[in-house]
Amino acid sequence: MSEQPSTRVLPHELPASLRGAGLDHWIREPLDDAVDRRRRIIMPPAAAMIGTPARDYQGALLAEAKHADTVFMMGDNPELPKMPERPCLKDFFLLRFGPIPRMHLLQSARVARENGLDEKVIMACLLHDIAIAGLLSANHGYWGAQLVAPYVDEEIAWAIEKHEALRYFPDETAGYAYPAAYIDYFGPDYRPPAYIQREAEAARRHRWYMTSRLVTINDIYSFDPATAVDFGEFEDVVGRHFRQPAEGLGFDGSPVAHMWRTMIWPNNLL
Ligand SMILES: [Fe+2]
Ligand SMILES: [Fe+2]
């Protein structure tokens, strides 16, 4: 989504060890206004590399840093929009999340509002896939719940955590069928692992079951690019249900501040 000029290093300027792997996308030329005119290498995090060919190139990327004009990416990546000093939830939506997850969250929250649901459910829908949008997809319900737990009602965080398990299990009486999209994603024969089944069974007996179930019911599986939803539609709900820290998300010293900082500077080497 960046409108800045690309800072990609041209492939022919790279050693063959990196060129062959297409890793030229991970080394950035400085933009004109960069502080020190040095190239910056992005090392993808382990969670993104394990099990992929990228892991074989860790050594080659490390070797690049030996050049005097090259360092690893730390701090602001010039390819990303700069975040304000004290970022709030809206800044992450607009400046960090990709267009598809951002619209998915906004559209789900809008459907929940159109269905006349409680503001807690609308808030949970707005946040339910926040980890997919900015952090990690695997176990996204749990990552997402932890991210927002210090700032929302306990019931909202619980609903976000449990939607991960509940979405695999239909509940006809509540009006939830197994999502057709999951047959595309995982195949018709996919069965969730035992721990997910246990989580879903426990969630079904919990007093907040319906809050999380409503997140799955209002989860929009088909992304409609024609329907644009503005974050401003939910400023009121966010104002009432999300305790924005004065120091900014990432800098309030909360147990999850590091997770927000990871979204501000996702390409830091360490
Ligand atoms: Fe989800
Ligand atoms: Fe979702």
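Provided above is the structure to which this section pertains.
Here the structure is a predicted model, which means the values were calculated and not measured.

Rules and cut-offs
- Residues numbered from 1 in each chain as written.
- Chains lettered and ligands numbered in written order.
- Predicted model: local features only at pLDDT ≥ 70, side-chain atom pairs only at ≥ 80, totals over all residues.
- Heavy atoms only, no water.
- Donors = N, O, S within 2.8 Å, 3.2 Å for Na, K, Ca; no water.
- Helix = DSSP H or I, 4+ residues; strand = E, 2+ residues; numbered from the N terminus.
- Buried < 20%, exposed > 50% of the residue type's maximum accessible area, 1.4 Å probe, protein only.
- Tetrahedral: all angles 85-135°; square planar, octahedral: opposite > 155°, others 65-115°.
- Pairing = 2+ DSSP bridges.
- Polar contact = N/O pair within 3.5 Å; in protein donor to acceptor, adjacent residues only side chain to side chain.

This brings us to the coordination of the iron ion (ligand 1). Ligation of the iron ion (ligand 1) by protein atoms is provided by Asp129 (OD), His140 (NE2) and His163 (NE2), these donors lying 2.1 to 2.2 Å from the ion. Between the donor residues of the iron ion (ligand 1), the gaps in sequence give the motif D-x10-H-x22-H. Taken as an interatomic distance, the gap from the iron ion (ligand 1) to the iron ion (ligand 2) is 3.7 Å; aspartate 129 donates to each of them. Taken as a pair, aspartate 129 in the loop between helix H6 (119–127) and helix H7 (130–134) and histidine 140 in helix H8 (residues 140–148) lie far apart in primary sequence, 11 residues in all. By relative accessible area, aspartate 129 is classed as buried at 8%.

This part is about unusual backbone geometry. Phi at asparagine 139 is positive, roughly 60°, even though this residue is not glycine. Along the chain, asparagine 139 turns up in the loop between H7 and H8. Looking at asparagine 139, the relative accessible area reads 35%, which means it is partly exposed.

Here the focus is the coordination of the iron ion (ligand 2). Surrounding the iron ion (ligand 2) are the protein donor atoms His104 (NE2), His128 (NE2), Asp129 (OD) and Asp219 (OD), at 2.1 to 2.2 Å. Taken together, the 4 donor atoms coordinating the iron ion (ligand 2) span angles of 84 to 168° at the metal, a pattern that classifies the geometry as irregular. Each donor residue of the iron ion (ligand 2) belongs to the same chain, with the gaps between them written as H-x23-H-D-x89-D. The class for histidine 128 is buried, based on a relative accessible area of 0%. Exposure remark for aspartate 219: the relative accessible area of 7% places this residue in the buried category.

The strands that make up a sheet pair up through hydrogen bonds in the backbone, lying either parallel or antiparallel. Strand order across the open sheet formed by 3 strands is E1-E2-E3, with mixed pairing between neighbours. Two strands lie at the open edges of the sheet, namely strand E1 (27–28) and strand E3 (70–72), each paired on one side alone. As defined by bridge partners, strand E2 (residues 39–41) adjoins E3 across 3 bridges and the pair is classed as parallel. Pairing of arginine 40 across the sheet is with valine 71, part of E3.

Next up on the list: the side chain of histidine 163. Among the structural elements, histidine 163 can be located in helix H9 (residues 154–166). Engagement of the side chain of histidine 163 in a polar contact is seen with the side chain of histidine 140, the distance being 3.1 Å.

The quantities given are spatial measurements derived from coordinates; they are silent on function.
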